[in-house]
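Below are the chains, spelled out letter by letter.
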Amino acid sequence: MIKSPRGTRDLLPPDTALWNFVEATVRDVFRAYNFHEIRTPIFESTELFARGVGEETDIVSKEMFTWEDRGRAESDKGQSLTLRPENTAGIVRAYIEHKLWERGLNKFFSIGPMFRRERPQKGRYRQFYQIDAEVIGPAAAGSQSPARDAEILELLATLLDRVGITGWTLELNSVGCPEDRAKFNEALRLALAPVVGKMCADCQRRAVTNPLRVFDCKVPEDQPIIETLPTISQFLDESCRAHYEEVKNILNAVGVPYVENQRLVRGLDYYTRTAFEFTHGGLGAQNAILGGGRYDGLSEALGGPAAPGIGFAIGEDRLVLSLMETASAESVVRKPDVYIAPLGAGMNRHAARLARELRRHELAANVVIELGDEAFRLKKSFEAADKMGARYILIVGENEVAADAFALKHLASGEQVTVPRGELAQRILRT
Ligand code: HAM
């Protein structure tokens, strides 16, 4: 048997109803906050992620699905391509490529699959889905303002509430600007020098190339050492400190709760100033339901103009996992309102006509109609209607067609009435 590749999975009904519920709800929230959808390619040039996310990050150094293009055209040959491990770099690339700043401040969202070659476990997959949002634009349009950070965080609190996730924690930090981080990295180098020999091979390498990445280390034996290292908060300059204070002031004013976590540095290199994660207790080891932050220098790093930005990505798989603790997928699946049962030879065409009339009726906006087959005996039609949880069964037999009135049975109560064609819609769709 051929199975889906390791770390990938099939999303099946009824679970897909929860996914659709989540996506419909977040689309409503994005609309209310004036975000617009952007769709970028699922693969990009490898260089985009190397420059955007950072060569030293786990994502770029270990986890990307990368290949060399074997295209026929000379221009394709040898180009290194990568399945996107995240979408901030892709959206900023599109922002630069299409000169989207000409439209002022831009608020984008996207929903789609990402790919990372990680060790699969609960809540961690090689193909996973992100709901991503980015606010990016010229500083003159206000994109560098702490008001944007606070608005993004308030949006997230609203979005999680609307979807029905309770018990989340917003963890907040500031990772400062590049100058602050240069000082912090220096201090880390110094602090690591006497102890790094006792740490894992990755940390030994990071201590030289990019000491900040030591905080990504998951090796249990290294954690006591990491606990003793300095924190970024001691190195923030005045403007970064003021920015961070203002974000917190607005969050306090609007009543979005947060906890400060000075060890939160995030696993991607583009972050500046505000960095955050929302965690959820029910998720086990992979407890980050989403992460994000500000990336004021990313556009320039990718060859674009100055364009401060901030955004987040929700792990949709993890969001749905958390939801499943309280809501079953069954509860959001819409069951058929009516099962139309043609009874006997020649009845399929009459049933099809009735189904078409009902489906196109002005009252039929959210109605679900299932159509049986004339080859089924009545008993089999009833069983099928029952199995799918239909509310009514509508019998289309020779007598009914001749009278142009049809037997309609309410399956839960067993009540059966004969309803003229013209009154069927009222009867089925209104109740
Ligand atoms: P990230 O923290 O790498 O950030 O990923 C965001 C979220 O994606 C995580 O919190 C997690 O819920 C989910 N996620 C990551 N890897 C996996 C996986 N292997 N399986 C399942 N879920 C996963 C970013 O990707 C940034 N681009 C976020 C951002 C947007 N920052 C600014 N704008």
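Before reading on, note that the structure itself is shown above.
Keep in mind the model is a prediction, meaning the values are calculated, not measured.

A tally of helices and strands in the chain yields 16 helices and 16 strands. The globule rule puts the C-alpha radius of gyration for 431 residues at 22 Å, and the 28 Å found for the chain is more than 25% above it. Principal-axis analysis of the C-alpha atoms places the extent of the chain at approximately 90 × 55 × 45 Å. Put simply, the chain has 431 residues, and 51% of those count as buried. Residue pairs at least 24 apart in sequence account for 70% of intrachain contacts in the chain once pairs closer than 6 positions are excluded. Accessible area for the chain stands at about 20700 Å²; split by element, carbon and sulfur atoms hold 51% of it.

The strand order across the open sheet formed by 3 strands is 2-4-3, and the pairing between neighbours is antiparallel. Lying at the two open borders of the sheet, with one neighbouring strand each, are strand 2 (43–45) and strand 3 (66–68). Between one strand and the next, the sheet's axes are offset by a mean angle of 30 degrees, whatever the strand orientation. In this sheet, strand 4 (residues 80–83) lies alongside strand 2 in antiparallel orientation, the contact comprising 3 bridges. Among the inter-strand pairings, Ser45 is bridged to a residue of strand 4, identified as Leu81.

Now for the packing of aromatic side chains. A complete count under the given rule lists 11 aromatic pairs for this structure. Centre to centre, the rings of Phe184 and Phe215 are 6.1 Å apart; their planes meet at 15 degrees, and the pair counts as stacked. Of the two residues, Phe184 sits in helix 6 (residues 178–192) while Phe215 sits in the loop between helix 7 (201–209) and helix 8 (223–227), which places them 31 residues apart along the sequence. Both residues of the pair, Phe184 and Phe215, count as buried. Grouping aromatic residues by their ring pairs yields a cluster made of Phe30, Phe35, Phe109 and Phe312. Above the ring of Tyr125, the side-chain terminus of Arg9 is found at 4.0 Å from the ring centroid. When the ring centre of Phe376 is taken as origin, the NZ or CZ atom of Lys380, which lies over that ring, is 4.3 Å away.

Here we come to the sheet that holds strand 12 (residues 338–342). With respect to topology, 5 strands assemble into an open sheet ordered 13-12-14-15-16, the strand pairing being mixed. The strands lining the two open edges of the sheet, one partner per strand, are strand 13 (369–371) and strand 16 (416–420). Geometrically, the sheet is characterised by an average inter-axis angle of 25 degrees between neighbouring strands, direction not taken into account. The pairing of strand 12 with strand 13 spans 3 bridges and is classified as parallel. Directly across from Val338, in strand 13, lies its bridge partner Ile369. Set on the sheet, helix 13 (residues 348–359) makes contact with strand 12, strand 13, strand 14 (392–396) and strand 15 (405–410); between it and strand 13 the angle comes to about 170 degrees. Sitting on the sheet, helix 14 (residues 378–387) touches strand 12, strand 14 and strand 15, and the angle it makes with strand 14 is about 155 degrees.

Our next topic: the site of the ligand. In the neighbourhood of the ligand, 27 residues make up the surrounding shell, with Glu86, Glu118, Tyr125, Tyr271 and Ala288 lying closest. At 2.9 Å, a side-chain N or O of Thr88 approaches a nitrogen atom of the ligand. Phe312 is positioned with one of its backbone polar atoms (N or O) 3.3 Å from a nitrogen atom of the ligand. Burial of the ligand by the protein amounts to 96% of the accessible area it has alone, namely 670 Å². Elements supplying a minimum of two residues to the shell around the ligand: strand 6 (127–136), strand 10 (288–294) and strand 11 (309–315). Of the residues forming the shell around the ligand, the biggest block, 6 residues, is contributed by strand 10. When the residues that make up the shell around the ligand are grouped by side-chain class, the tally is 11 nonpolar, 8 polar and 8 charged.

Conventions adopted
- Residues numbered from 1 in each chain as written.
- Predicted model: local features only at pLDDT ≥ 70, side-chain atom pairs only at ≥ 80, totals over all residues.
- Heavy atoms only, no water.
- Helix = DSSP H or I, 4+ residues; strand = E, 2+ residues; numbered from the N terminus.
- Rg over C-alpha atoms; globule rule 2.2 N^0.38 Å.
- Buried < 20%, exposed > 50% of the residue type's maximum accessible area, 1.4 Å probe, protein only.
- Contact = heavy atoms within 4.5 Å.
- Areas by Shrake-Rupley, 256 points an atom, 1.4 Å probe, with all protein chains shown as cover.
- Pairing = 2+ DSSP bridges.
- Axes fitted to C-alpha atoms, helices over the stretch in contact; angles between N-to-C directions.
- Phe/Tyr/Trp six-rings, centres within 6.5 Å; stacked < 30°, edge-to-face > 60°.
- Lys NZ or Arg CZ within 6 Å of the ring centre and 35° of its normal.
- Near = heavy atom within 4 Å.
- Polar contact = N/O pair within 3.5 Å; in protein donor to acceptor, adjacent residues only side chain to side chain.
- Nonpolar A, V, L, I, M, F, W, Y, C, P; charged D, E, K, R; others polar.

Nothing here speaks to function; it is all geometry.
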